[in-house]
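# Breakdown of the fold
One-letter residues, chain by chain:
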Amino acid sequence: MKKIFLIALLLLPVCRLLAQEKGVQGVGPKISLYTHTGRGAVFAVGGYYRHCMSDAMRFEASLMIPCRSGASVDLGCEAHYLIGLTGRWSLYPLAGIGANDLGVWSFGVDLGAGCDYLIRRRWGISAQCRYRFQTARFVRDPIVFSVGTTFMF
């Protein structure tokens, strides 16, 4: 893990930053799969809002509804540092906070990574994987896989 992080830091100046401009906003639907929850995988649907604070930094707020009885909502807020690989592809590490009710209310910290692909000028798709360190004592920390589409304005 240390080697991967060191290589990423060395390649960071080589990669050009994503060509999103400051002030660009985006909204879209998202589906997520919560694995390693201790009670089987949980599927969720919802949406998110993104706001670019600079060419390289954006924030994302999301609301997900888990499709399981006894679970109600997952709220999250993340920061993404965008690294453009080409004119259409970008990668980003993410860090954020969240609160969810996957059977028991819990707060947590998210760490992960994702990628974006620009389909058209205002349309894109994204995928991400994150690990949530939760405060609930008897609930496992989930690994969350997400896929979504974005309309930028």
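Right, let's walk through the structure included here. (Residues numbered from 1 in each chain as written. Predicted model: local features only at pLDDT ≥ 70, side-chain atom pairs only at ≥ 80, totals over all residues. Heavy atoms only, no water.)

Taken as a whole and judged by the stated rule, the model has 8 salt bridges. Measuring nitrogen to oxygen at the nearest pair gives 3.0 Å for the salt bridge that ties Asp74 to Arg132. Of this pair, Asp74 sits in strand S4 (residues 74-81) while Arg132 sits in strand S8 (residues 123-134), placing them 58 residues apart in sequence. Both residues of the pair, Asp74 and Arg132, belong to the buried class. Where Asp110 meets Arg130, a salt bridge forms, and the shortest distance between an N and an O atom there is 3.4 Å. Taken together, the residues span a long stretch of sequence, with Asp110 in strand S7 (residues 105-118) and Arg130 in strand S8 at a distance of 20 residues. (Salt bridge = Lys/Arg side-chain N within 4 Å of Asp/Glu carboxyl O. Helix = DSSP H or I, 4+ residues; strand = E, 2+ residues; numbered from the N terminus. Buried < 20%, exposed > 50% of the residue type's maximum accessible area, 1.4 Å probe, protein only.)

Right, let's get into the nonpolar core. Among the nonpolar cores identified, the biggest contains 6 residues, and these are Tyr34, Val42, Ala44, Met64, Leu102 and Val144. Setting aside residues up to four positions removed in sequence, Leu102 forms contacts with Tyr34, Arg39, Val42, Pro66, Arg68 and Ala71. (Core = buried A, V, L, I, M, F, W, Y, C linked by side-chain atoms within 4.5 Å. Contact = heavy atoms within 4.5 Å.)

The subject of this paragraph is the environment of Ala113. Along the polypeptide, Ala113 turns up in strand S7. For the pair Ala113 and Pro93, spaced 20 residues apart in the sequence, the C-alpha separation amounts to 4.2 Å. Leaving out residues up to four positions away in the same chain, Ala113 has contacts with Tyr92, Pro93, Leu94, Gln128 and Cys129.

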